[in-house]
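Summary of structural features
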Amino acid sequence: MRIGDLAHRTGVSRRLLRYYEEQGLLRPARSDNGYRDYAEADVATVNHIRSMLAAGLSTSVIAKVVYCVRDKDELRVPSGCPTFIAELRRERARMTETIARLEDSRRILDRVLDTVPHDATDDPSPGTA
């Protein structure tokens, strides 16, 4: 499929898809005329990339991970690369810490919201009206 088709199916702009390619996250085949030719599996790859970016992984880590993820349900552990596995474990620990901090923040907000009177409205703050 062409880049426009992949952009449409994933909701990711052509410019961003080209950036993913520059970063080594996507590796489309090239036709004789130089056009990018994406495989059906690239739809899942782009979705995985978006998820990993949203989780806070860097593009350099994603570039290593993305080829372990073949489709929605199939994962493959890279062989012979203990440094990579250690890096993934560090990223997972970082994500776990971030989640814990977010959960703490949510608990604080919940406690504050629990003190709001039931008849309170969401009026703008004084001076913003």
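Residues numbered from 1 in each chain as written. Predicted model: local features only at pLDDT ≥ 70, side-chain atom pairs only at ≥ 80, totals over all residues. Heavy atoms only, no water.

Considerations on the overall build of the chain
Threshold: Only DSSP runs of H or I reaching four residues or more are called helices, and only runs of E reaching two or more are called strands; each is numbered from the N terminus. Whether a residue is buried, partly exposed or exposed follows from its accessible area with a 1.4 Å probe, protein chains only, as a fraction of its type maximum: under 20%, in between, or over 50%, in that order. Each accessible area value is a Shrake-Rupley result obtained with a 1.4 Å probe; residue values ignore everything except the protein chains displayed when judging cover.
Scanning the chain from N- to C-terminus turns up 5 helices and 2 strands. Looking at the chain as a whole, 26% of its 129 residues are labelled buried. If you sum the accessible surface of the chain, you get close to 9,500 Å²; carbon and sulfur atoms cover 52% of it.

Structural notes on helix α2 (residues 14–22)
Going by this rule: Think of it as the arc spanned by the lines of direction from the helix axis to the C-beta atoms.
Taken together, the buried positions of α2 are L17, Y20 and E21. Mapping the buried residues of α2 onto a view down its axis gives an arc of 100 degrees, with all of them on the same face. Pointing more than 90 degrees away from the buried face of α2 are the exposed residues R15 and E22. G24 sits one or two positions beyond α2 and adopts a positive phi of about 80 degrees.

Here's the deal with the pattern of salt bridges
Quick reminder of the rule: Here, a salt bridge means any Lys or Arg side-chain nitrogen found within 4 Å of an Asp or Glu carboxyl oxygen.
Evaluation of the coordinates by the stated rule reveals 5 salt bridges. The salt bridge partner of E21 is R30, with a shortest N-O separation of 3.1 Å. Salt bridges sharing common partners tie together E21, R30 and R36.

Describing the side chain of E21
Our working rule: Contacts described as polar in this section are N or O atom pairs within 3.5 Å, which, within protein, must combine one atom able to donate a hydrogen with one able to accept it, while residues neighboring in sequence count only if both atoms come from side chains. Any two residues whose heavy atoms approach within 4.5 Å are treated as being in contact.
Within the secondary structure, E21 sits in helix α2. Here R30 takes part through its side chain, which lies 3.1 Å from a polar atom of the side chain of E21. Leave out the neighbours within four places in its chain, and E21 touches L26, P28, R30, R36 and Y38.

Thoughts on helix α3 (residues 41–54)
Our working rule: The length a helix should cover is 1.5 Å for every residue beyond the first.
In this model, α3 (14 residues) spans 20 Å end to end at C-alpha, consistent with the 20 Å of a helix rising 1.5 Å per residue. Burial in α3 covers these residues: D42, V43, A44, T45, V46, I49 and M52. Close packing links the buried residues of α3 with α1 (3–10), α2 and α4 (59–65). Positive backbone phi, at 95 degrees, marks G56, one or two positions downstream of α3.

So, the side chain of T59
Position of T59 relative to the elements: it lies in helix α4. Among the polar contacts made by the side chain of T59, one reaches the side chain of Q23 at a distance of 3.5 Å. Those residues in contact with T59 that lie beyond four places of it in its chain are Y19, Q23, L25 and L53.

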